[in-house]
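The chain contents come next:
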Amino acid sequence: MLIKIRDQKELVEYFSIKNEALYGQALPATFDEQLLVKKISKAFSNLLNSYTQAFNKMYARMGSLFMQNMKRVEVIGDESFCKVVHYIHSNPVHHRFVKEMKQWEYSSYKIILSKSPTKLERDYVVKMFGGLDSFVKYHEKPSE
């Protein structure tokens, strides 16, 4: 999963509005960066826990679905961004779940190639690769 975190000003505004709705008071305009990291981590924790509970209920199972220690890596620069996107898209092929990237139904690869509505930042991703043709060409090479 590749996620772009908004800048601090946008995050403070978002969490301030949410905090005010929940607790009747806004957050201060500036607050500790570690508090911001905790709030983001908590949001992802809630997302993954909710998904796990729903999955377990649907399939009458128990236990965790995800590896215990997820890691986060800061992506710096266009080249690094392109490598990470390519890695994500090629991973199902690498692990032999499918023969081609476009066959993996849970990937953004097909969505980026399509013109269907999406919440993904399709234009941003395509621009980072230098256009749709370059995106496709880049994905034809083996993953590093």
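Each chain carries its own residue numbering, running from 1 in the written order of its sequence. Totals for whole chains, interfaces and linings use all residues, but because this is a predicted model, local features are given only for residues with pLDDT of at least 70 and pairs of side-chain atoms are given and counted only at 80 or more. Excluding hydrogens and water, the side-chain figures rest on all heavy atoms present in the structure.

(A) Layout of helix 6 (residues 132–140). Phe135, Tyr138 and His139 are the residues of helix 6 that are buried. The arc that holds every buried residue of helix 6, seen down its axis, measures 95°, which confines them to one face. Seen from the buried face of helix 6, the exposed residues on the opposite side, beyond 90 degrees, are Asp133, Lys137 and Glu140. Here, residues are in contact when the closest pair of their heavy atoms is within 4.5 Å. Secondary structure elements are defined from DSSP: runs of H or I of at least 4 residues count as helices, runs of E of at least 2 residues count as strands, and each element is numbered from the N terminus. Structurally, helix 6 contributes buried residues whose contacts are with helix 3 (78–94), helix 4 (109–113) and helix 5 (122–129). Throughout, exposure labels follow a simple rule: accessible area from a 1.4 Å probe, protein chains only, divided by the maximum for the residue type, with under 20% read as buried, over 50% as exposed, and the rest as partly exposed. As used here, the arc is the angular range of directions from the helix axis to the C-beta atoms.

(B) Expanded view of the packing of aromatic side chains. In this scheme Phe, Tyr and Trp rings, the latter by its six-membered ring, pair at centre separations within 6.5 Å, and the angle between planes marks the pair as stacked below 30 degrees, edge-to-face above 60, and tilted otherwise. Throughout the structure, instances matching the rule amount to eight aromatic pairs. Seen from their ring centres, Phe55 and Tyr59 are 4.7 Å apart, and the 45° between their planes marks the pair as tilted. A centroid spacing of 5.1 Å and a plane angle of 80° characterise the contact between Phe129 and Tyr138, whose relative ring orientation is edge-to-face. Judged by its relative accessible area of 8%, Phe129 is buried. An aromatic cluster is present here, built from Tyr109, Phe129, Phe135 and Tyr138 joined pairwise through their rings. The ring of Tyr138 has Lys141 lying over it, and the distance from NZ or CZ to the ring centre is 3.9 Å. By the criterion adopted, a ring carries a charge over it if an Arg CZ or a Lys NZ lies within 6 Å of its centre and within 35 degrees of its normal.

(C) Focus on helix 3. Every helix has an expected span of 1.5 Å times one less than the residues it contains. Between its first and last C-alpha atoms helix 3 spans 23 Å; for 17 residues at 1.5 Å apiece the expected length is 24 Å, and the two agree. Contacts from the buried residues of helix 3 go to helix 4, helix 5 and helix 6. Among the residues trailing helix 3, Arg96 stands out with phi positive, at a value near 60°.

(D) Focus on a nonpolar patch on the surface. A contiguous nonpolar patch, built from Met1, Ile3 and Ile5 and spanning about 320 Å² of accessible area, is present on the exposed surface. One can find Met1 in the segment before helix 1 (8–23). Any residue with relative accessible area above 30% and no salt bridge may belong to a patch, with like charges joined within 9 Å and the nonpolar Val, Leu, Ile, Met, Phe, Trp and Tyr side chains within 5 Å. Using a 1.4 Å probe, the Shrake-Rupley method yields the accessible areas, and only the shown protein chains count as cover for residues. Whenever Lys or Arg places a side-chain nitrogen within 4 Å of a carboxyl oxygen from Asp or Glu, that contact is recorded as a salt bridge.

(E) Main features of the confidence of the model for the protein. Each residue gets a pLDDT score, which is the predictor's confidence in that residue and runs from 0 to 100. The predicted model of the protein has a mean per-residue pLDDT of 84, with 84% of residues at 70 or higher. The element-level mean pLDDT for the protein is lowest in helix 1, coming to 69, with helix 6 highest at 96.

(F) Fine view of the side chain of Ser107. Looking at the element boundaries, Ser107 is found in the loop between helix 3 and helix 4. Exposure remark for Ser107: the relative accessible area of 9% places this residue in the buried category. A distance of 3.0 Å separates a polar atom in the side chain of Ser107 from the backbone nitrogen of Tyr109. The term polar contact refers here to a pair of N or O atoms within 3.5 Å; inside protein, the definition further demands a hydrogen-donor-capable atom paired with an acceptor-capable atom, and it admits residues adjacent in sequence only when both atoms are side-chain atoms.

(G) Geometry of the nonpolar core. Here, the term nonpolar core denotes a set of buried Ala, Val, Leu, Ile, Met, Phe, Trp, Tyr and Cys residues that are joined through side-chain atoms within 4.5 Å. Membership of the largest hydrophobic core is limited to twelve residues, which are Phe81, Cys82, Val85, Met101, Tyr109, Ile112, Val125, Val126, Met128, Phe129, Phe135 and Tyr138. Counting residues per element, the ones that place at least two in this core are helix 3, helix 4, helix 5 and helix 6. Looking at which element gives the most residues to this core, the answer is helix 5, with four residues.

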